[in-house]
Amino acid sequence: MGNRYLEIFCREAEEHLASLQSGLLVLEKNPARTELLHELLRNAHTLKGSARMVGLADISAITHTMEELLKGMEQGLRRVDAGTIDLLLKGADAVALITSALMRGVPPDIDVERFVAEYERGESGRLLPAEPLEAKAEGAVADTVRADVKTLDNLVNLVGEMIINRKRLEAKLDGLKELCYELPPEKAAPFTAFRGELEEDILYLGFLIQDLHEKAMGLRMLPLKTISDGLERLVRDLSLQLSREVQFEIEGQGIEMDRVLLDGLKPILIHLLTNALSHGIEPPEAREKAGKPRRGSVLLSARHEGNSVLVEVRDDGRGMDPAAIKAAAVSRGVIEAREAEGLTDEEALYLTFRPGFSTAEIVTDISGRGVGMDVVKKNIERVKGNVTLSSETGRFTRVTLQLPLTLSVLDALIITCGDETFAVPATYLQEILKVRPSEITTMGTDEVIKVRGATTPLYSLAGMLGLPARRDAGDAPLPVLVLKHCDQRIACIVESHVGYSEVVVKGLGKQFGTVRYLFGATIMGDGNPALILNVPDLFQPGGGAPRAVLSPEEEAAARRRPKVLVVDDSITTRTMEQSILAGQGYHVVTAVSGEDAMEKSAAESFDLIISDVEMPGMNGFELTRLLRASETYQETPIIIVSSLSRDEDKRQALQAGAQAYIVKGAFDQGLLLETVQMLIG
Amino acid sequence: MATGNDNGYDIRSILNQMREEYWEALSEEESEAKQMLECLVFTLGGERYAFETHFACEVIRIPKLIRVPAVQSLVTGIFNLRGDITAAIDIRPMLGLAQPELGPTGRILVVRGDLFSTGILVEAAHGVQPLDLEQFETATAGLSAERKQFIRGHFNLEEGAILLLDMEALLAAPELLVGEA
């Protein structure tokens, strides 16, 4: 998970550790005050749950042992004595040590693995340094400074303004050149000389700005390694859970990308790796039978290509079977049988991206089923990326993501269309053609052209955008852009293309939400804005490309943002769930307890409720029952997210009226999202 | 790690507050003499309208407006306001007014709402005038429902009436928001 969650976790852990410490010390002096145990138990339990959420298995293991010790004391199975309390305090110390090391981004000062092992056996941690908390705080001052992310973003924005300004200066320089031409030669000479000097100055300024821009962007760039560490863990845990033997390798960990992009990439990679393990790699016996090594291989690699980064996930598993995919797509109503027949094997692979292709019959905690590839595709579109699939049945599956290095500056082709100027991000551009009207043929009501032998639908960009279009009669060649997105290609007639340019991406301001066809705007050399097209929208239903059309009800539902109530006493869990859901456009309200949730759910209505089980006061099962008894929430889907993983707990959740049960241990955001999407779309 | 400093001591906000108190005190003194409302006056659909100056950021000539495809017609286009992309909106249909073409006297009034700044296209701007509240009538009888929604009343002046726009209601109107939230 992202560093942000770690930070939140560390802050939350501090609170729980402080209250554990003070509670334990009081208990040590007054062993009779067993009423304190309940609160201590809750502290340990919440810590455990949150640690699992952010994938800190060591802390989760330590706090688990602590929880067991406390439980033993509460149930009277264990004496409340100095030895046990000491053990508990040592546990709290170790957790404090690990979190403080995490905060500082350095390895903890103890052999965590050995400590965990010894701690589980009940040996008090003799590995702990004497002064765990204060010992390292006075460490040498590193030659780095901490900068607020906002400050960095501001810096990059300001540099963006400078780039725009340089362009304006360049435009002025051109204007000066024209003026010089108009002067009689004898008067022009000094101006021309002056212009030449100015040109040099502006050129130098340009170099400086370029350099500054690279440095400023560099500050925002982080290596892939920052997110890939957690992935090894994920693969390891999943392969154990699924009984697969897997060799996981990562290449290109040093490739750097914009922080924002990395945040967007992580859930995508989790999805893809989960898919590779649960659908790709076969069980060891099946692999042996097929004459493959028992151990499957999963490779995550990253490399630069031009101005983008290619990230690939490849597994040598069973591959994707085009025939099976077609059959599944037809049976799930994604496409018509006749349409399916016409698809090539390669095209069939992309059916998995269609909404509705992944269906889940049951919702349980582990994702041993079709993780929604349409969600992956949506996420990739959000970061302006492109995805390609290739596979050979029985041999391999490879998913390639093409991502820009950053989202704040894009390489774009500047075009004019409908009397306006637009920037088309170069990632989506396959080629630029000149097409004579006589080369255009009609198929039904649609116009098509041949691009390298492939029949490609042809549209007028102005027509798609609802702008005034004009097409001159005669056989003058028309400028046509061939755009690609996943496996699809479309050709768009534009008025003209002006050339490639690096454009600074600006938001449209708060008056604008997500506007169809638009990714943002940039400011051109003349000071006027130009809109940046969001190319995937051109491929969407209604945008012209042949695609399944949503029913009016589906469209109405899509327009409304569903509201979700997240109930959890742990701030880590709350924040994570909130940001996962908000990132997908859900409107999220949080509640810190069952009581709080009852109040909030009475004040406004929600489409879905996600609740923890163990909370101070009313627990999640009680909350579910109360909600089910109320008139407004009789039918509202409720998801229980808990660190309790026994079947008994799941059964209780379902009896209380919950629709789904997700265990925090196996928590991945894809699963939560998918469950939510399945329940409320 | 970002450190929140919400309850910290912030000289800028204190200065702002002092300045606001100063202006409030000034306007109170003035209001004792005569109840005046500082308004920006302009022409919309051939009629004279006004709103309180505190909503206005600036008045500019209409720059080149870039059309935004596939959005409501209210949004005439966007323009560059010193580096910020800002929408230019034609609110005349919201008020049920005719839309005579914007000539050389046309202006954009940049106004700031709680959430966003936006540019209102007007046929002409006549500057800031203190308007006498004695002459203000809240009566909106005779106005169509759509106009009532955004008009608080009118000033009966010798040279003709000036309608007072309810800027708060106007800026909060959902019609102004573009695209999905």
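Residues numbered from 1 in each chain as written. Chains lettered and ligands numbered in written order. Predicted model: local features only at pLDDT ≥ 70, side-chain atom pairs only at ≥ 80, totals over all residues. Heavy atoms only, no water.

Engineer: Could you give me a rundown of the overall build of chain A, with the residues and numbers involved?
Structural biologist: Across its full length, chain A holds 22 helices and 23 strands. Burial statistics for chain A: of 681 residues in total, 50% are counted as buried. When the accessible surface of chain A is totalled, it reaches about 32000 Å², and 52% of it is carbon and sulfur. (Helix = DSSP H or I, 4+ residues; strand = E, 2+ residues; numbered from the N terminus. Buried < 20%, exposed > 50% of the residue type's maximum accessible area, 1.4 Å probe, protein only. Areas by Shrake-Rupley, 256 points an atom, 1.4 Å probe, with all protein chains shown as cover.)

Engineer: How would you summarise the pattern of salt bridges if you had to cite specific residues and measurements?
Structural biologist: Counting across every chain of the model gives 25 salt bridges over all chains. Among the salt bridges present, the one from Arg48(B) reaches Glu159(B), with a minimum N-O distance of 3.7 Å. Here Arg48(B) is found in strand β2 (residues 47–52), whereas its partner Glu159(B) is found in the loop between β10 (151–157) and β11 (160–165), with 111 residues between them in sequence. Beyond isolated ion pairs, a larger network of salt bridges with shared partners links Glu282(A), Arg287(A), Lys292(A) and Asp316(A). (Salt bridge = Lys/Arg side-chain N within 4 Å of Asp/Glu carboxyl O.)

Engineer: Can you break down unusual backbone geometry residue by residue, with the values?
Structural biologist: Note: most residues except glycine have negative phi, and most peptide bonds are trans. Despite not being glycine, Ser243(A) shows a phi value in the positive range, around 55°. For Ser243(A), a relative accessible area of 51% translates into the label exposed. With phi around 55°, Ala70(B) is a residue other than glycine that occupies positive phi space. Structurally, the position occupied by Ala70(B) is in the loop between β3 (56–61) and β4 (75–81). Given the relative accessible area of 51%, Ala70(B) is considered exposed.

Engineer: Help me get a handle on the sheet that holds strand β9 (residues 136–137) of chain B, residues and values and all.
Structural biologist: Strand order in the open sheet formed by 6 strands is β8-β1-β2-β11-β10-β9 (chain B), with mixed pairing between adjacent strands. On the outer flanks of this sheet lie β8 (124–132) and β9 of chain B, each paired with one strand and no other. (Pairing = 2+ DSSP bridges.)

Engineer: So what's going on with a nonpolar patch on the surface? Which residues, and what values?
Structural biologist: Taken together, the side chains of Tyr9(B), Ile11(B), Ile14(B), Leu15(B) and Met18(B) make up a nonpolar region of the molecular surface, amounting to roughly 540 Å² of accessible area. The residue Leu15(B) is located in helix α1 (residues 11–33) in this model. (Patch = residues over 30% accessible without salt bridge, like charges linked within 9 Å, V, L, I, M, F, W, Y side chains within 5 Å.)

Engineer: Can you tell me about the environment of Lys563(A), naming the residues and giving the values?
Structural biologist: Residues and elements named next belong to chain A. Along the chain, lysine 563 falls in strand β19 (residues 563–567). Look at lysine 563 and you get buried, because its relative accessible area is 19%. Separated by 44 residues in the primary sequence, lysine 563 and aspartate 607 place their C-alpha atoms 5.3 Å from one another. Setting aside chain neighbours within four positions, we find lysine 563 in contact with His587, Glu604, Ser605, Phe606, Asp607 and Leu608. (Contact = heavy atoms within 4.5 Å.)

Engineer: Mind laying out the sheet that holds strand β10 (residues 429–435) of chain A, listing which residues take part and the relevant values?
Structural biologist: All names here are of chain A. One open sheet accounts for 6 strands, arranged β10-β14-β15-β13-β12-β11; its pairing is mixed. Each end of this open sheet is capped by a strand with a single partner; those strands are β10 and β11 (441–443). Each strand of the sheet is rotated relative to its neighbour by a mean of 40°, with strand direction disregarded. Bridge count between strand β14 (residues 478–485) and strand β15 (residues 488–493): 6 bridges; the pairing is antiparallel. Each bridged residue has a counterpart across the sheet, and for lysine 484 the counterpart in β15 is arginine 489. (Axes fitted to C-alpha atoms, helices over the stretch in contact; angles between N-to-C directions.)

Engineer: Quick rundown of the interface of chain A and chain B? Include the residues and the values.
Structural biologist: Many structure descriptions define interface size as the accessible area lost when the parts assemble. Facing 33 residues of chain A, the contacting portion of chain B comprises 28 residues. Interface area, chain A with chain B, both sides summed: about 2600 Å², of which 60% is carbon and sulfur. At the boundary of chain A with chain B, the tally comes to 1 salt bridge. The residue Glu420(A) makes a salt bridge to Arg67(B) at a minimum N-O spacing of 3.3 Å. Across the contact surface, chain A and chain B share 6 residue pairs in polar contact (both at pLDDT 80 or more). For the side of chain A that touches chain B, the secondary structure elements donating two or more residues are α1 (3–29), α6 (149–182), β9 (420–425), β17 (518–523) and β18 (529–533) of chain A. Among the elements that line the side of chain A that touches chain B, the one with the most residues is β17(A), at 3 residues. Broken down by class, the residue content of the side of chain A that touches chain B amounts to 15 nonpolar, 7 polar and 11 charged. (Buried area = accessible area lost by both parts, 1.4 Å probe. Polar contact = N/O pair within 3.5 Å; in protein donor to acceptor, adjacent residues only side chain to side chain. Nonpolar A, V, L, I, M, F, W, Y, C, P; charged D, E, K, R; others polar.)

Engineer: A description of the packing of α6(A) against helix α7 (residues 185–220) of chain A should follow, citing residues and the corresponding values.
Structural biologist: Residues and elements named next belong to chain A. The N-to-C vectors of α6 and α7 enclose an angle of 165°; their axes lie 9 Å apart at closest approach. The pairing of α6 with α7 is recorded here as roughly antiparallel in orientation. Between α6 and α7 lies a crossing of left-handed hand. Of the residues contributing to the contact of α6 with α7, the split by class is 20 nonpolar, 4 polar and 7 charged. (Parallel < 35°, antiparallel > 145°, perpendicular 65-115°, else oblique. Left-handed = near helix turned anticlockwise from the far one by under 90°.)

Engineer: So what's going on with the side chain of Glu12(A)? Residues and values would help.
Structural biologist: All names here are of chain A. Inspection of the secondary structure puts glutamate 12 in helix α1. One buried charged side chain, glutamate 12, makes no salt bridge at all; its nearest oppositely charged neighbour is arginine 574, positioned 6.8 Å away. Side-chain polar atoms of glutamate 12 contact the side chain of serine 50, separated by 3.2 Å. The residues touching glutamate 12, leaving out its near neighbours within four places in the chain, are Thr46, Ser50, Ser570, Ile571 and Thr572. (Lys, Arg positive; Asp, Glu negative; His and termini not counted.)

Engineer: Describe the pairing of strand β23 (residues 660–663) of chain A, and please don't skip the residues or the numbers.
Structural biologist: Residues and elements named next belong to chain A. Alternating positions in β23 separate into two faces, Ala660 and Ile662 on one and Tyr661 and Val663 on the other, with burial throughout. Two strands pair when backbone bridges link them, and strand β22 (residues 638–642) and β23 are joined in this way by 4 bridges, in the parallel orientation. By the bridge assignment, valine 641 is partnered in β23 with isoleucine 662. For the segment spanning β22, helix α21 (residues 647–656) and β23, crossover handedness is right-handed. (Right-handed = clockwise from strand over helix to strand, strands pointing away.)

Engineer: Account for the side chain of Ser308(A), with residues named and values stated.
Structural biologist: Residues and elements named next belong to chain A. Summarising the element assignment, serine 308 is placed in strand β5 (residues 308–315). A distance of 3.3 Å separates polar atoms of two side chains, one belonging to serine 308 and the other to glutamine 402. Beyond its immediate stretch of four places on either side in the chain, serine 308 contacts Arg303, Gln402, Leu403 and Pro404.

Engineer: Outline the nonpolar core, supporting the account with residue identities and numerical values.
Structural biologist: All names here are of chain A. Leu461 and Leu483 are the most contacted members of the largest nonpolar core, which has 68 residues in total. No other element matches helix α15 (residues 461–465), which puts 4 residues into this core. When residues of this core are assigned to domains, at least three fall in each of domain 2 (149–222) and domain 4 (409–538). Once you skip the residues sitting within four places of it in the chain, leucine 461 turns out to touch Ile415, Cys417, Cys492, Ile493, Val494, Leu533 and Leu538. (Core = buried A, V, L, I, M, F, W, Y, C linked by side-chain atoms within 4.5 Å. Domains from an automatic or database assignment.)

Engineer: Before we move on, could you go through the pairing of β14(A) and cite the residues and values that matter?
Structural biologist: Of all the 8 residues making up β14(A), 7 are buried; the element is thus mostly covered by neighbouring parts of the structure. Between β14(A) and β15(A), which pair antiparallel in sequence order, lie 2 residues; one of them, Cys486(A), sits at a positive phi of approximately 50°.

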